[in-house]
Amino acid sequence: MHFKSVGTAGADGVMILAMGRLAILAWAFLGLLLLSADAQPQRRVALVIGNGTYAQAGTLANPVNDALDIADKLRSIGFEVIEGNDLGKRELERSIGEFSDALEGAGVGLFYYAGHGLQVDGRNYIVPVDARLDVPVKLQLEAVPIDEVLDIMEQQTKVSLVFLDACRNNPFARSLSRTATTRSATALAGLAQFDSTRGSFIAFSTAPGAVAMDGSGRNSPFAAALLRHIAEPGQSINDMMIAVRRDVVSQTREAQRPWEQGSLLERFEFVSDGQPAEPRKPAAAAAPSTEVAVLERSVGDDKGSIEKFLRQDYLTPDTKAMSETVKRLYGPSATIFGARYDADAIVKVKADWFAQWASWSLGLVSGSLEVTPHGQDRAEAVFAMRYDYLPKDKSAARLAGKARVTLGLIKANGGWRIESETSQAMQ
């Protein structure tokens with residue numbers, strides 16, 4: 001949209017929440033953070049993996065459902081999420097590498113894994129879906145040590161969180177036990193404690209050495225409990241695990257008892273008190289693989305409509321009718337960087353923001369848009385955005401650059417609406 005009053009083409013803006021000694025905190029049109037590292041809140045990045053369809057171990061019903069639902073929940077409370085399901089070894093390693101890159105500059109790293117996991121000689125392993133395990137020595141070639149993922153997190157973040165729903169009944173145990181040493185064979189049941197952690201919190205779906213249940217519903221008992229409690233405002237992670245453990249023990253009639261170890265140096269909350277998490281729809285039933293393929297193609301076909309939404313609505317708002325614009329694009333509220341804001345709050349901050357600029361423009365970087373489906377009516381859009389703001393105050397600095405934007409989108413009234421939003425500055 002063009003604005004003669006400012007003399008340049010308009011586009012979706014960035015909102016300043018703090019300036020001066022705190023530097024600049026800005027939102028690109030509906031809450032984007034685009035400024036100095038000193039002003040940015042700590043980024044939170046998650047890697048979520050669900051492995052269920054194994055070449056040599058049959059199929060687990062719930063890991064992919066668990067991973068999809070956990071990823072969706074984490075996005076709703078402000079995490080940037082890298083996810084993958086039914087990954088072979090090379091795909092898994094690539095995802096871990098992408099996670100490592102994304103952790104640069106982040107304050108919190110989280111790793112969630114659902115699927116088969118095992119231990120040998122006290123070391124825990126993720127089992128890729130293409131693993132061929134008949135002797136313990138093959139673990140070094142076929143599986144991925146979990147402690148390597150933890151090391152990556154601990155080296156780059158102050159807070160490292162690991163959730164392992166990964167000790168479901170191990171089909172490889174029998175074949176491995178035939179050729180394992182006595183010590184190794186004993187260790188094959190469940191997962192083991194980690195030797196040491198630094199600023200970490202590690203949650204197991206069951207006690208060390210025990211086996212977890214896959215569950216008979218959409219989610220495993222552990223994932224279902226985690227989904228219920230992770231977004232409760234003002235709750236410490238330790239209190240959350242007490243609630244999770246209570247639910248799992250009750251649901252499994254004391255057959256499974258979640259357990260944790262940690263070395264956090266400060267209290268951690270997924271959602272701060274006074275910032276309620278976004279209400280979510282009940283999870284839909286898992287679709288057969290053929291239906292999932294059709295769904296992915298359908299949402300993929302919607303990439304054009306999402307790009308149109310970004311260019312014509314998200315990046316070109318009517319700033320003279322800000323209230324209508326915000327309510328149309330965001331609905332009654334939205335979760336921005338993990339905090340919940342109603343439409344009136346967004347309108348006020350945006351109006352104050354635009355009043356500062358003599359001219360401004362935003363643009364979608366060509367070829368950068370990636371769309372990932374999440375059910376029939378939801379999708380995640382990730383793209384690079386250019387921004388350029390010229391201040392009215394000639395003594396103030398011009399604000400220009402690029403940001404990587406992540407939007408959680410929902411279909412509403414025949415179009416798209418934003419339900420969650422995060423971003424990070426790009427070099």
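Residues numbered from 1 in each chain as written. Predicted model: local features only at pLDDT ≥ 70, side-chain atom pairs only at ≥ 80, totals over all residues. Heavy atoms only, no water.

Caption draft 1: Fine view of a negative patch on the surface. Together, E98, D101, E104 and E370 make up a negatively charged patch on the protein surface. Position of E98 among the secondary structure elements: in helix α2 (residues 89-102). (Patch = residues over 30% accessible without salt bridge, like charges linked within 9 Å, V, L, I, M, F, W, Y side chains within 5 Å. Areas by Shrake-Rupley, 256 points an atom, 1.4 Å probe, with all protein chains shown as cover. Salt bridge = Lys/Arg side-chain N within 4 Å of Asp/Glu carboxyl O. Lys, Arg positive; Asp, Glu negative; His and termini not counted. Charge placed at Lys NZ, Arg CZ, Asp CG, Glu CD. Helix = DSSP H or I, 4+ residues; strand = E, 2+ residues; numbered from the N terminus.)

Caption draft 2: Representation of the sheet that holds strand β10 (residues 144-145) in the model. Spatial strand order, β8-β9-β10: three strands in an open sheet with antiparallel pairing. Sheet topology places β8 (117-120) and β10 at the edges, where each strand pairs with a single neighbour. With two bridges joining them, strand β9 (residues 123-126) and β10 adopt antiparallel strand pairing. Residue I126 lies in a different strand from β10, and its bridge partner there is V144. (Pairing = 2+ DSSP bridges.)

Caption draft 3: Local environment of the pairing of strand β20 (residues 415-426). Pairing between strand β14 (residues 333-336) and β20: two bridges, direction parallel. By the bridge assignment for β20, I336 is matched with E421. Sheet analysis places strand β19 (residues 399-412) next to β20, joined by eleven bridges and oriented antiparallel. Along β20, the bridge assignment pairs K402 with M426. Taking the residues that link successive antiparallel strands as the turn, the β19-β20 hairpin has two residues, and the phi of N413 there is positive, at about 55 degrees.

Caption draft 4: Representation of the sheet that holds strand β6 (residues 80-85) in the model. In space, the six strands of this open sheet follow the order β6-β3-β7-β11-β12-β13, with mixed pairing throughout. Of all the strands in the sheet, the pair left with one neighbour each is β6 and β13 (259-262). On average, each strand axis in the sheet is tilted by 10 degrees relative to the strand beside it, whichever way the strands run. Direction of pairing for strand β11 (residues 159-165) relative to strand β12 (residues 200-204): parallel, over a ladder of five bridges. Looking at β12, one finds that S160 is bridged to S200. Of the strands in this sheet, β7 (108-114), β11 and β12 touch helix α7 (residues 221-229), which is tilted by about 140 degrees from β11. (Axes fitted to C-alpha atoms, helices over the stretch in contact; angles between N-to-C directions. Contact = heavy atoms within 4.5 Å.)

Caption draft 5: Local environment of the packing of α7 against helix α8 (residues 237-251). Where α7 contacts α8, the two axes come as close as 9 Å, and the packing angle between them is 140 degrees. Taken together, α7 and α8 sit at an angle that is classed as oblique. Here α7 runs over α8; the crossing is right-handed. Contacts between α7 and α8 involve P221, F222, A225, L226, R228 and H229 from the first element and M240, M241, A243, V244, D247, V248 and Q251 from the second. Of the residues assigned to the contact of α7 with α8, the class counts are nine nonpolar, two polar and two charged. (Parallel < 35°, antiparallel > 145°, perpendicular 65-115°, else oblique. Left-handed = near helix turned anticlockwise from the far one by under 90°. Nonpolar A, V, L, I, M, F, W, Y, C, P; charged D, E, K, R; others polar.)

Caption draft 6: Looking closely at the pattern of salt bridges. Throughout the structure, instances matching the rule amount to 14 salt bridges. Residues E80 and R43 are paired through a salt bridge, measuring 2.9 Å at the closest nitrogen-oxygen approach. Remark: R43 occurs in the loop between β2 (8-9) and β3 (44-50) and E80 occurs in strand β6; sequence separation between them is 37 residues. The pair formed by E80 and R43 is uniform in burial state, with each residue classed as buried. With a closest N to O distance of 3.0 Å, E307 and R311 form a salt bridge. (Buried < 20%, exposed > 50% of the residue type's maximum accessible area, 1.4 Å probe, protein only.)

Caption draft 7: Examining the side chain of R43 more closely. R43 sits in the buried class, given a relative accessible area of 9%. A polar atom in the side chain of R43 sits 2.9 Å from the side chain of E80. Within the structure, the side chain of R43 is placed 2.9 Å from the backbone oxygen of E104, a separation counted as a polar contact. If near-sequence neighbours (up to four positions away) are discounted, R43 is found in contact with E80, A102, E104, G105, A106, G107, V108 and Q424. (Polar contact = N/O pair within 3.5 Å; in protein donor to acceptor, adjacent residues only side chain to side chain.)

Caption draft 8: Spotlight on the packing of aromatic side chains. Under the defined criterion, the tally for this structure stands at ten aromatic pairs. When the centroid spacing of 5.3 Å and the interplanar angle of 50 degrees are considered together, the rings of F204 and W259 count as tilted. With F204 in strand β12 and W259 in strand β13, the pair connects residues that are 55 residues apart, well separated along the chain. A relative accessible area of 1% places F204 in the buried class. For the pair F268 and F270, a centre-to-centre distance of 5.0 Å together with 85 degrees between the ring planes defines the contact as edge-to-face. Grouping residues by exposure puts F268 and F270 together as buried. By the ring-pair criterion, three or more aromatic residues cluster together here, those being W353, F354, W357, W360 and Y389. (Phe/Tyr/Trp six-rings, centres within 6.5 Å; stacked < 30°, edge-to-face > 60°.)

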